[in-house]
Amino acid sequence: MLKSKKEDMRKIGIELLQSIDVKNVKEDKIVQIITEYMAEKDFVTNGAEIEKVAAYILKSKLFEKMAKNINSTSPKERKSAVIIISGVSQDEKLYSLILNLLNDPDQSVRYEALRAIGRTGKKEYIGYLEEMLSDPDESIQIEALTIIAKMNIEDSREIIMKVMNHPNEKMKEEAAKFIAKESLKKYIDSFDLLNEFNKK
């Protein structure tokens, strides 16, 4: 139900989740369901839903378990921990642990750690994001570039320009798209300025 595309079905799923006693249900199954739900969600447009799920996570003590699972030997547990923690908290101490997972040997853990860092929108993480442009996995490189471009700060423009010399052709293509999009936006904005000037 939490994965339903229909909002009213998700609401029922959230209500059911809140009524579950973790002792009566396999905790691993609940963690799996919550992980899948949070991995799919847009944290901006689904803020109220996320808050209810976060309240459940905190109430059921799953948050403490997830904080411990960041250092688990299981990649699946580390990945779930990153997804759930980043959906519930932006605590600096926890994010310092998530930053360490950007070097995780497992691609899926690195990818989720990258997405978690990107969702913060904090420009002080741009150096970490730039390092991910050299990740051995192309999907991580592209996600890092996308996050950097969305930050839309001066540093991000400089980094995107550097990517034009990246050894990966796909990365060069993606950087060129971001540069073209930015150029088009500036061109359109210049017409807006011209229109404002002509109105005077």
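This is a predicted model, so every value here is computed, not measured. (Residues numbered from 1 in each chain as written. Predicted model: local features only at pLDDT ≥ 70, side-chain atom pairs only at ≥ 80, totals over all residues. Heavy atoms only, no water.)

**Side note on the overall build of the protein chain**
So, point 1. Looking only at helices and strands, one finds 11 helices and zero strands in the protein chain.
So, point 2. Scanning the protein chain from its N terminus toward the C terminus, one meets helices and strands in the order α-α-α-α-α-α-α-α-α-α-α.
So, point 3. The buried share among the 200 residues of the protein chain stands at 40%.
So, point 4. In the protein chain, once contacts between residues fewer than 6 apart in sequence are set aside, the share between residues at least 24 apart is 56%. (Helix = DSSP H or I, 4+ residues; strand = E, 2+ residues; numbered from the N terminus. Buried < 20%, exposed > 50% of the residue type's maximum accessible area, 1.4 Å probe, protein only. Contact = heavy atoms within 4.5 Å.)

**Brief notes about the packing of helix H9 (residues 138-151) against helix H10 (residues 154-163)**
So, point 1. Taken N-terminus to C-terminus, the directions of H9 and H10 make an angle of 145°; their axes are 8 Å apart at the nearest point. Relative to H10, the crossing made by H9 is left-handed. For the pair H9 and H10, contact is made by Leu145, Ile148, Ala149 and Met151 and by Ser156, Ile159, Ile160 and Val163, respectively.
So, point 2. Here the contact of H9 with H10 is composed, by residue class, of seven nonpolar, one polar and no charged. (Axes fitted to C-alpha atoms, helices over the stretch in contact; angles between N-to-C directions. Left-handed = near helix turned anticlockwise from the far one by under 90°. Nonpolar A, V, L, I, M, F, W, Y, C, P; charged D, E, K, R; others polar.)

**Thoughts on the confidence of the model for the protein chain**
So, point 1. This prediction gives the protein chain a mean pLDDT of 81; 76% of its residues lie at or above 70.
So, point 2. By mean pLDDT, helix H1 (residues 7-19) is the weakest element of the protein chain at 59, and helix H8 (residues 126-131) is the strongest at 96. (pLDDT = per-residue confidence, 0-100.)

**Focus: the pattern of salt bridges**
So, point 1. Enumeration over the complete set of coordinates arrives at 10 salt bridges.
So, point 2. Salt-bridge contacts for Lys172 lead to Glu169; the nearest nitrogen and oxygen are separated by 3.2 Å. One end of the pair, Lys172, and the other, Glu169, are both in helix H11 (residues 169-199), three residues apart, so they sit about a helical turn from each other.
So, point 3. On the accessibility criterion, Lys172 (24% relative accessible area) is partly exposed.
So, point 4. Residue Glu174 is joined to Lys177 by a salt bridge in which the shortest nitrogen-to-oxygen separation is 3.4 Å. Placement of the pair is Glu174 and Lys177 together in helix H11, with a separation of three residues, close to one helical turn.
So, point 5. Look at the salt bridges and you will find they share partners, linking Glu154, Arg157 and Glu182 into a network. (Salt bridge = Lys/Arg side-chain N within 4 Å of Asp/Glu carboxyl O.)

**A look at the environment of Lys65**
So, point 1. Take Lys65: it is sitting in helix H4 (residues 62-69).
So, point 2. Given a relative accessible area of 26%, Lys65 falls into the partly exposed group.

**What about H10?**
So, point 1. Buried residues of H10: Ser156, Ile159, Ile160 and Val163, and no others. For H10, the arc enclosing every buried residue in end-on projection is 100°, short of the 170-degree limit, so these residues lie on one face. (Arc of directions from axis to C-beta.)

**Considering the nonpolar core**
So, point 1. Formed by 48 residues in total, the largest nonpolar core has its most connected members in Ile34, Met38, Ile57, Ile98, Leu114, Leu133 and Leu145.
So, point 2. Per-element tally for this core: the top contributor is H9, with eight residues. (Core = buried A, V, L, I, M, F, W, Y, C linked by side-chain atoms within 4.5 Å.)

**Looking at the packing of helix H2 (residues 27-40) against H4**
So, point 1. The contact between H2 and H4 brings their axes to 12 Å, and the two run at 80°. By the criterion of interaxial angle, the relationship of H2 to H4 is roughly perpendicular. The residues of H4 that touch H2, namely those facing Glu27, Asp28, Ile30, Val31 and Ile34, are Leu62, Lys65 and Met66.
So, point 2. Residue classes in the contact of H2 with H4 are distributed as five nonpolar, no polar and three charged. (Parallel < 35°, antiparallel > 145°, perpendicular 65-115°, else oblique.)

**Examining the environment of Ser96**
So, point 1. Its place among the elements puts Ser96 in helix H6 (residues 92-100).
So, point 2. By relative accessible area, which is 36% here, Ser96 ends up partly exposed.
So, point 3. Spatially, the C-alpha atom of Ser96 lies 9.9 Å from that of Ile117, the residues being 21 residues apart in sequence.

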